[in-house]
Amino acid sequence: MALDQNLTAAILETVPVARLYVHPLNPRGEIDAAGIVTLAENIRALGLIQNLAGIQDDDGRIGIVAGGRRLRALELLGDDPRFAAVPVRIAPDLAAARLWAASENHLREALHPADEIREYAALAGRGVAAAEIAIAFGVTDAHVRRRLKLAGLPAPVLAALRADEISLGAAACFTLCDDLDHALGVLEQARGRGFDAQRLRRLLKPAAIRDSDRRARFVGLEAYEQAGGRITRDLFEGEVYCDDPTILDACFAEKLAEAAETRRAAEGWKWVRTFPDSYVPYEESRALGAARLYPVPGELSPEQSERYDALVERAEAEELDADEAAELDRLGALIDGGFTAEQIALSGIVVYVGHDGALRTEAGLVRAEDRAEAEAAGLLAPSRHAGETATKPKSPLSAALAEDLARVARGARQQAALSDPDLILDLLAFELSGRIGAAHAFGLRRDIVPNQPCTATGYALDAWLTEAAPAPENPWDFDRAEAFRAFRAQGAEHTRAELVCHLAGLLTVADEKLGALIDAEAGTDIRAVWTPTAENFLGRVSGAYLDALWRELLDLAAEAPAATAFAKLRKGEKAARLESLFADPETRAALGLGAEQEARVAAWLPPEAF
């Protein structure tokens, strides 16, 4: 249907603002008062760029159907005579006014954020202040400043924003990265994939450490920057990133060492050690030595006990004042007791930093070399394994590395057992019959038998041992009878294969002689599944250990030039060269290894673990 020609034949009159009001046809309901103030500033600075539109009443007043916000802004400019009367386009009838009201509001299109950024940046480049840009566009100063922060983004990022391939929030993340090549690489990953801001920040700052990290909180940003560390501030989220992890780690280690020694000296402990992680695992405490001492509980006098009980009752009734609370704390500390001077003189502490960035201490640890003295002083009971401890040399491997290598050996045994189903089934029958006694050959008492070290580099097992078995789509609600019928229909060989493979993954022989028999029968070959690398082994032992291993593998005397040159390398370089020796045939060829040396490299295993 063609529109009435009268719609374009409206009358334009200059009308006093006092005769104008917002007509009920005006569709805009809720009004932002702050936005009206901003619009008034825009009109005062630039004039009324777009005329109002309305319909005249019988009493001569004009109801504004398009431009309600402008009218409200004009009413705030009553002190400015330039806006006492303004042009108004007057509709010929109510039908036209209704169409105008709908048309103006529904056809209005907001400026795309990418276009805003470019427009604001162009104006700022010509010297226009942010406050003036805000007035011109009818937005807040803060809105302009946020957009201007994005003006320095690489052109491809702005183009992706304009094409709606990334969101405005995603674009803001790119302000964190000053490496253009890296930023563009991340952009290609993110296009059209809806990456959230957190994931983008990780991709853009993969090595950076947030200021909320326990190391940054412990060191402090000021000390980190004084040491030469760079920081990046997120212009939008307020987060701060430390861009030099090496410097932060060095500052952390230095401050932790100073704090540890200060505590040792102040409290009188025999020794102190720092630990880099946020807690001290049991195996690390155990690796330090023989035992742990515990604080000696204190005793209260009868009067103190009576007072303590009374304060506890008042605390439970929430009636304590500040002085009483402090008194209760003092009495509680007396009950808790503490380490005696004799205990402190024969034990040490491990100092570390918790998740909250606060200094923490594991105290009362007795080293192996101090155990005899602690036993003589009556602080420890004699060890049942005293003879063993005295004769057994200290392992060069940490407890964590020893556990990793034990898992590697277990995985190799499991893999070998896959090829001998009869052995596995015979062993299962042996265990289930009870003839194995208190030992066990399979992890039937637990869900998972660990065979994965903390790093998977240089280690590869059969998928049967590493990938979860397929499970029903809904494991809680399905026809188990039908599923079992389908399983059995695949035949006895399939059933046997399933049984063998899953039993192999449960294999965990604790008895040494039985384990040796299984290895011999199955042909366990640890090096078939594990190769020493810098990450999984070589970087986790001492430099002296690596020197000895280099000489052993290449059959070198200690004074040989190849041995002395290797010994002068940094530990990381030694680990890398040994990794190449184990993994790369070209490296072995370049070193001129003979058949005997090749065999030695191919078969070598850490004698301390296997």
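Please refer to the structure higher up on the page.
Residues numbered from 1 in each chain as written. Predicted model: local features only at pLDDT ≥ 70, side-chain atom pairs only at ≥ 80, totals over all residues. Heavy atoms only, no water.

Peer 1: Can you help me understand the overall build of the protein chain in this one?
Peer 2: Each helix and strand in the protein chain was counted, giving 30 helices and 12 strands. Taking all 610 residues of the protein chain together, 35% fall into the buried category. Across the protein chain, every contact between residues at least 6 apart in sequence was considered, and the portion connecting residues at least 24 apart equals 70%. When the accessible area of the protein chain is evaluated, it comes to approximately 34800 Å², of which 52% is carbon and sulfur surface. (Helix = DSSP H or I, 4+ residues; strand = E, 2+ residues; numbered from the N terminus. Buried < 20%, exposed > 50% of the residue type's maximum accessible area, 1.4 Å probe, protein only. Contact = heavy atoms within 4.5 Å. Areas by Shrake-Rupley, 256 points an atom, 1.4 Å probe, with all protein chains shown as cover.)

Peer 1: So what exactly am I meant to see when it comes to the environment of Val 144 here?
Peer 2: Mapped onto the secondary structure, Val 144 falls in helix α6 (residues 141-149). In the structure, Val 144 is positioned 10 residues away from Ala 134 in sequence and 6.1 Å away in space, judged by C-alpha atoms. Not counting residues within four places of it along the chain, the set of residues in contact with Val 144 comprises Tyr 120, Ala 130, Ile 133, Ala 134 and Val 139.

Peer 1: Explanation requested: the packing of aromatic side chains in the structure shown.
Peer 2: Aromatic ring pairs: the centre-centre distance and the angle between the two ring planes describe each pair. Inspection of every chain in the model, using the stated rule, returns 7 aromatic pairs. Aromatic side chains Phe 582 and Trp 604 sit 5.8 Å apart centroid to centroid with 40° between the ring planes, which places their arrangement in the tilted category. On the criterion of sequence distance, the pair formed by Phe 582 in helix α28 (residues 571-583) and Trp 604 in the segment after α30 (595-603) is long-range, its members being 22 residues apart. Side by side, Phe 582 and Trp 604 carry an identical accessibility label, which is buried. Taken together, the ring pairs in this structure connect Trp 530, Phe 537, Tyr 545, Phe 582 and Trp 604 into an aromatic cluster. The ring of Phe 218 carries Lys 255 above its face, with NZ or CZ at 4.8 Å from the centroid. (Phe/Tyr/Trp six-rings, centres within 6.5 Å; stacked < 30°, edge-to-face > 60°. Lys NZ or Arg CZ within 6 Å of the ring centre and 35° of its normal.)

Peer 1: What am I meant to see in the pattern of salt bridges here?
Peer 2: A full pass over the atoms with the stated rule returns 25 salt bridges. Salt bridges sharing partners connect three or more residues here, namely Arg 44, Asp 79, Asp 80 and Arg 82. (Salt bridge = Lys/Arg side-chain N within 4 Å of Asp/Glu carboxyl O.)

Peer 1: Even after reading the chapter, I still don't get the sheet that holds strand β4 (residues 62-66), so can you show me in this structure?
Peer 2: Strand pairing in a sheet relies on backbone hydrogen bonds. The paired strands run either parallel or antiparallel. Spatial ordering of the open sheet is given by β1-β5-β3-β4-β2, a layout of 5 strands whose pairing is mixed. Bordering the open sheet on either side are β1 (11-16) and β2 (20-22), each of which pairs with just one other strand. Taken pair by pair, the neighbouring strands of this sheet meet at an average axis angle of 50°, ignoring direction. In terms of strand pairing, strand β3 (residues 52-56) meets β4 through 4 bridges, oriented antiparallel. Residue pairing across strands places Gln 56 opposite Ile 62, the latter belonging to β4. Contacting β2, β3, β4 and β5 (85-90), helix α2 (residues 68-75) crosses the sheet at an angle of about 130° to β2. (Pairing = 2+ DSSP bridges. Axes fitted to C-alpha atoms, helices over the stretch in contact; angles between N-to-C directions.)

Peer 1: Please clarify how helix α9 (residues 180-190) should be interpreted in this entry.
Peer 2: When we look at burial in α9, the residues that qualify are Ala 183, Val 186, Leu 187 and Ala 190. The arc that holds the buried residues of α9, viewed along the axis, is 105°, so those residues lie on one side. Among the exposed residues of α9, those pointing more than 90 degrees away from its buried face are Asp 181 and Glu 188. On its buried face, α9 is in contact with α7 (155-162) and α10 (197-204). Gly 192 occupies a position one or two residues after α9 and carries a positive phi of about 65°. (Arc of directions from axis to C-beta.)

Peer 1: Where do I start with the sheet that holds strand β6 (residues 209-210) in this structure?
Peer 2: Read across the sheet, 3 strands follow the order β6-β8-β7 without closing on themselves; strand pairing throughout is antiparallel. Since the sheet does not close on itself, it has two edges, and those belong to β6 and β7 (231-233), each with one partner.

Peer 1: Explain the side chain of Gln 414 to me, please; I cannot follow it from the model alone.
Peer 2: The topology assignment puts Gln 414 in helix α20 (residues 399-417). In contact with Gln 414, not counting residues within four places along its chain, are Val 449, Asn 451, Leu 465, Ala 504, Gly 505, Leu 506 and Leu 507.

Peer 1: Mind showing me how you'd approach the pairing of strand β11 (residues 348-353) here?
Peer 2: Taken across its 6 residues, β11 has 6 buried, putting it largely inside the fold. On β11, burial covers both faces: Gly 348, Val 350 and Tyr 352 on one face and Ile 349, Val 351 and Val 353 on the other are all buried. Bridge count between strand β9 (residues 271-274) and β11: 4 bridges; the pairing is parallel. When the sheet's bridge partners are listed, Trp 271 is paired in β11 with Gly 348. As defined by bridge partners, β11 adjoins strand β12 (residues 359-367) across 6 bridges and the pair is classed as antiparallel. Directly across from Val 350, in β12, lies its bridge partner Glu 362.

Peer 1: Whenever I open this one, the packing of helix α15 (residues 302-316) against helix α16 (residues 322-336) confuses me. Can you help?
Peer 2: Remark: α15 packs on α16, axes separated minimally by 10 Å, with the N-to-C direction vectors making an angle of 130°. Here α16 runs oblique to α15, going by the angle between their axes. Judged by the sense of rotation from one axis to the other, the crossing of α15 with α16 is left-handed. Counted together, Gln 304, Arg 307, Tyr 308, Leu 311, Val 312, Arg 314 and Ala 315 of α15 and Glu 324, Glu 327, Leu 328, Leu 331, Gly 332, Leu 334 and Ile 335 of α16 form the full contact between these two elements. For the contact of α15 with α16, the per-class residue count stands at 8 nonpolar, 2 polar and 4 charged. (Parallel < 35°, antiparallel > 145°, perpendicular 65-115°, else oblique. Left-handed = near helix turned anticlockwise from the far one by under 90°. Nonpolar A, V, L, I, M, F, W, Y, C, P; charged D, E, K, R; others polar.)

Peer 1: Got a minute to help me understand the side chain of Ser 347 in this structure?
Peer 2: Tracing the chain through its elements places Ser 347 in the loop between α17 (341-346) and β11. A relative accessible area of 0% means that Ser 347 is categorised as buried. A polar side-chain atom of Ser 347 sits 2.7 Å from the main-chain carbonyl oxygen of Gln 343. Those residues in contact with Ser 347 that lie beyond four places of it in its chain are Trp 269, Lys 270, Trp 271, Leu 293, Gly 364, Leu 365 and Val 366. (Polar contact = N/O pair within 3.5 Å; in protein donor to acceptor, adjacent residues only side chain to side chain.)

Peer 1: How should the nonpolar core be read in this particular structure?
Peer 2: Soluble globular proteins tend to pack their nonpolar side chains together in the buried interior. In this structure, Phe 442, Trp 530, Phe 537, Leu 538, Leu 553, Leu 578 and Leu 581 are the most contacted members of the largest nonpolar core, which totals 48 residues. With residues up to four places along the chain from it excluded, the contact list for Trp 530 reads Leu 405, Val 408, Gly 458, Tyr 459, Asn 536, Phe 537, Leu 605, Pro 606 and Phe 610. (Core = buried A, V, L, I, M, F, W, Y, C linked by side-chain atoms within 4.5 Å.)

Peer 1: Any chance you could explain the pairing of β3 here in plain terms?
Peer 2: Each regular strand shows side chains that alternate between the opposite faces of the sheet. In terms of residue burial, β3 counts as a mostly covered element, since 4 of its 5 residues are buried. Bridging between β3 and β5 involves 3 bridges; their strand directions are parallel. From the neighbouring strand, Ala 53 faces β5, where its bridge partner is Arg 89. The hairpin formed by β3 and β4 contains 5 residues between the paired strands, and Gly 60 there has a positive phi angle of roughly 95°.

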